[in-house]
Amino acid sequence: MNASNQQSEGASTEIARRQTYRMPPELDSAVCNSLRDWEVNDKVRRLWERDATLWTGTDESRWLGWLGITEDQLAHIGHLTSLAEEVRSSGFRHALLLGMGGSSLCPEVMALTFGKIHGWPQLHVLDSTDPAQVRATEKNVELAKTLCIVSSKSGSTLEPNIFKQYFFERMKQTVGENKAGEHFIAITDPGSKMQQVAEAAGFRQVFFGLPTIGGRYSALSDFGMVPAAVMGVDVRKFLERTEMMVHACGSSVPAAENPGVVLGAILGTLANAGRDKVTMIVSPGIHDLGAWLEQLLAESTGKNSKGLIPVDRERLGLPEVYGNDRVFAYVRLESAPDTAQDAAVERLERAGQPLVRISVVDMNDLGQELFRWEIATAVAGSIMGIHPFNQPDVEASKLATLKLTTEFEQAGALPTEELVLEDSGIKVYTNEKNASTLGKQKSFAGMLHAHLRRLSPGDYFALLAYIQMSAAHEGRLENIRHEVRDSKRVATCLGFGPRFLHSTGQAYKGGPNSGVFLQITCDDAHDLQVPGQRYTFGVVKAAQARGDFEVLAQRDRRALRVHLGADVAAGLAALEHAVKQALRS
């Protein structure tokens, strides 16, 4: 064995040691059986050989380009390093990523983890059609010194296209029509509509994804690495560190020593045993990794009435608030651990909850986590018997939204809805079946009480908030979710719309029918026009919320929508008060 191979094996062994797990004996035995199956039936090698029969035997082999992406990126690193230098020398102070789901979540993780790097543009991400969010994002950048990155794999996704329309128009007003294109680059698949738009508008550059990599697996492709290079991350170092995990998860590594395969065996085996709420505990320094994991897990596995339900940003509680439907993953940043998290995790472990511990040395190892969890998700999907690379229920919401925005373009208004209840300025809507189940209620708190009492052990509660994603709003919603968790002893999720439609929305509609949903909408105090369209950003957001609810109802989900009006802060305060009343009555 030569020295480089010995060094590689040593690095792989060290990476494997940084992941440990502990769980009750019967679950441990089941995981060991899964790993034995993967070893005996040579499934690690078959995964790397893109054998579709590991899953459903349909088109899975077409979607495994991510297995070799780090090696490919390192072999062609020049396009990233030259872009970085070009952006730096051009004097841009800000970079604004315009995208959704797999095109925006990895850049967001990079921006929030690495922060502003001295001498490089600060990266901002817009993935919301809420007009207040769009306006706040614009105020955070100096357009004349901003590089806009329009990111859309298909090129036809609604949100990136209207973001481009809005910001291209604003850029023309700021720097002039002839120079606007110099402030834009695009990331898209070859031949897409976005490529055509970018070339016609004179974009500075167009970067291409690989058609063999789906959106949520695209973090290490140009969809994640171009924004990272623009903001000054040393992408060569980042990818080289990631490649160490790729080798540790390689085809020749035994299943029981392969960190991605072991993690996937745990997730898939425990999901089949009823522990499908993957509760993520992530060190503060890399906390946004949880948002990326939400999409990867939920959109990959939430289908055919099965799925992993990711639980992110849920405050750690005492062991007694957790049921037997949980599995915990503690991703600990060794360079900046949180002692309160350490203590809470110790309590969970002593209480017998299944727990995976993953040690991340520093921020530059973040790419290792991206690849580890991609392998794990593919393995879990195999064990669960589903296709982890499609998203059949995401399209349903898109079609429902398109129908509503088309109606608005034609009629100038969205269709009217039937009100179920109005109390203290808050309006309540639902479909006929849910309304019949909830019965006639005289108050908002009474309606919430009827809705929340539908929660049973093994269920989860999800807040779907089509409002501006701000610290104040999130704080109120976090209070609400924890009131429900501690009272009902169920897992809780929180997503801001429309971004969660490209993430957890797949599992909510296609996964197990164990969710109880509270959708939150509002009136927009100050709307924004979408250039070239009759509709506004507010109308698009309203159509997305209605389309989302319509599909939840079609899937026979337990769902209720509350409409807060224009004063969102006051509406959220009233909602929190009503939830507390409902839980105590």
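Scroll up to find the structure.
Residues numbered from 1 in each chain as written. Predicted model: local features only at pLDDT ≥ 70, side-chain atom pairs only at ≥ 80, totals over all residues. Heavy atoms only, no water.

J.: Just checking my understanding: could you explain the pairing of strand β3 (residues 122-126) for this structure?
T.: Remark: a regular strand shows side chains that alternate across the two faces of the sheet. As paired strands, strand β2 (residues 94-98) and β3 are joined by five bridges and run parallel to one another. By the bridge assignment for β3, A95 is matched with L123. After leaving β2, the chain enters helix α6 (residues 105-114) and then returns to the sheet as β3, a path that is right-handed. (Pairing = 2+ DSSP bridges. Helix = DSSP H or I, 4+ residues; strand = E, 2+ residues; numbered from the N terminus. Right-handed = clockwise from strand over helix to strand, strands pointing away.)

J.: Teacher, can you tell me more about the side chain of R332 here?
T.: Here R332 lies in strand β9 (residues 326-333). Side chain to side chain, R332 and E334 meet in a polar contact 2.7 Å long. Polar side-chain contacts of R332 include one of 2.9 Å to the side chain of D342. Sequence-distant contacts of R332, that is, excluding residues within four places in its chain, are made with S283, P337, D342, I358, S359 and V360. (Polar contact = N/O pair within 3.5 Å; in protein donor to acceptor, adjacent residues only side chain to side chain. Contact = heavy atoms within 4.5 Å.)

J.: What am I meant to see in the sheet that holds β3 here?
T.: Pairing between the strands of a sheet is mediated by backbone hydrogen bonds and can be parallel or antiparallel. Strand order in the open sheet formed by five strands is β3-β2-β4-β5-β6, and the pairing between neighbours is parallel. Edge positions in the open sheet fall to β3 and β6 (205-208), since each of these has one partner strand only. On average, each strand axis in the sheet is tilted by 20° relative to the strand beside it, whichever way the strands run. Two strands pair when backbone bridges link them, and strand β4 (residues 146-151) and strand β5 (residues 184-188) are joined in this way by four bridges, in the parallel orientation. Each bridged residue has a counterpart across the sheet, and for S151 the counterpart in β5 is I187. Docked against the sheet, helix α9 (residues 193-200) engages β4, β5 and β6, running at close to 160° with respect to β5. (Axes fitted to C-alpha atoms, helices over the stretch in contact; angles between N-to-C directions.)

J.: Explain the sheet that holds strand β12 (residues 426-429) here, please?
T.: With respect to topology, six strands assemble into an open sheet ordered β11-β12-β16-β15-β13-β14, the strand pairing being mixed. Edge strands, defined here as strands with exactly one partner in the open sheet, are β11 (421-423) and β14 (491-496). Pairwise comparison of adjacent strand axes, ignoring direction, gives a mean angle of 20° for this sheet. As judged from the three bridges shared by β12 and strand β16 (residues 558-563), these two strands associate in the antiparallel manner. Note that in β16 the partner of Y429 across the bridge is R561. Relative to β16, helix α18 (residues 444-452) is tilted by about 160°, and along the sheet it contacts β11, β12, β13 (460-465), β15 (515-521) and β16. With respect to the sheet, helix α21 (residues 537-554) is in contact with β12, β13, β15 and β16, its orientation differing from that of β15 by roughly 160°.

J.: What should I look at first to understand the packing of aromatic side chains in this one?
T.: Scanning the entire structure with this criterion turns up 19 aromatic pairs. Between Y166 and F537, the ring centres sit 5.7 Å apart and the planes meet at 85°, which makes this aromatic pair edge-to-face. You can see Y166 sitting in helix α8 (residues 158-175) and its partner F537 sitting in helix α21, a full 371 residues away along the chain. Summarising the burial analysis for this pair, Y166 and F537 share the class buried. Plain terms: the ring middles of Y460 and F517 are 5.8 Å apart, the flat faces sit at 85° to each other, and that makes the pair edge-to-face. Taken together, the residues span a long stretch of sequence, with Y460 in strand β13 and F517 in strand β15 at a distance of 57 residues. Judged by relative accessible area, Y460 falls into the buried class, the value being 0%. By way of ring pairs, the aromatic residues W48, W55, W66, Y217, F371 and F389 are connected into one cluster. (Phe/Tyr/Trp six-rings, centres within 6.5 Å; stacked < 30°, edge-to-face > 60°. Buried < 20%, exposed > 50% of the residue type's maximum accessible area, 1.4 Å probe, protein only.)

J.: Looking at this structure, I do not really get the nonpolar core. What am I missing?
T.: Within the largest apolar cluster, 96 residues are counted, with the highest numbers of intra-cluster contacts made by L47, W66, W292, F371, W373 and I375. Here the element with the most residues in this core is helix α15 (residues 366-384); it accounts for 10 residues. With near-sequence residues (within four places) excluded, W292 lies in contact with L105, C106, V109, R216, A219, L370, W373 and E374. Grouped together as the second largest cluster of nonpolar side chains are 35 residues, L438, F461, A465 and A582 included. (Core = buried A, V, L, I, M, F, W, Y, C linked by side-chain atoms within 4.5 Å.)

J.: Would you mind going over the packing of helix α12 (residues 259-272) against α15 with me for this structure?
T.: When two helices pack together, their arrangement is given by the angle between their axes and by how far apart the axes lie. Where α12 contacts α15, the axes come no closer than 7 Å and their chain directions differ by 40°. Here α15 runs oblique to α12, going by the angle between their axes. Between α12 and α15 lies a crossing of right-handed hand. Of α15, the residues touching α12 (which contributes P259, G260, V261, L263, G264, A265, L267, G268, T269, A271 and N272) are R372, W373, I375, A376, V379, A380, I383 and M384. Of the residues belonging to the contact of α12 with α15, the class tally is 13 nonpolar, five polar and one charged. (Parallel < 35°, antiparallel > 145°, perpendicular 65-115°, else oblique. Left-handed = near helix turned anticlockwise from the far one by under 90°. Nonpolar A, V, L, I, M, F, W, Y, C, P; charged D, E, K, R; others polar.)

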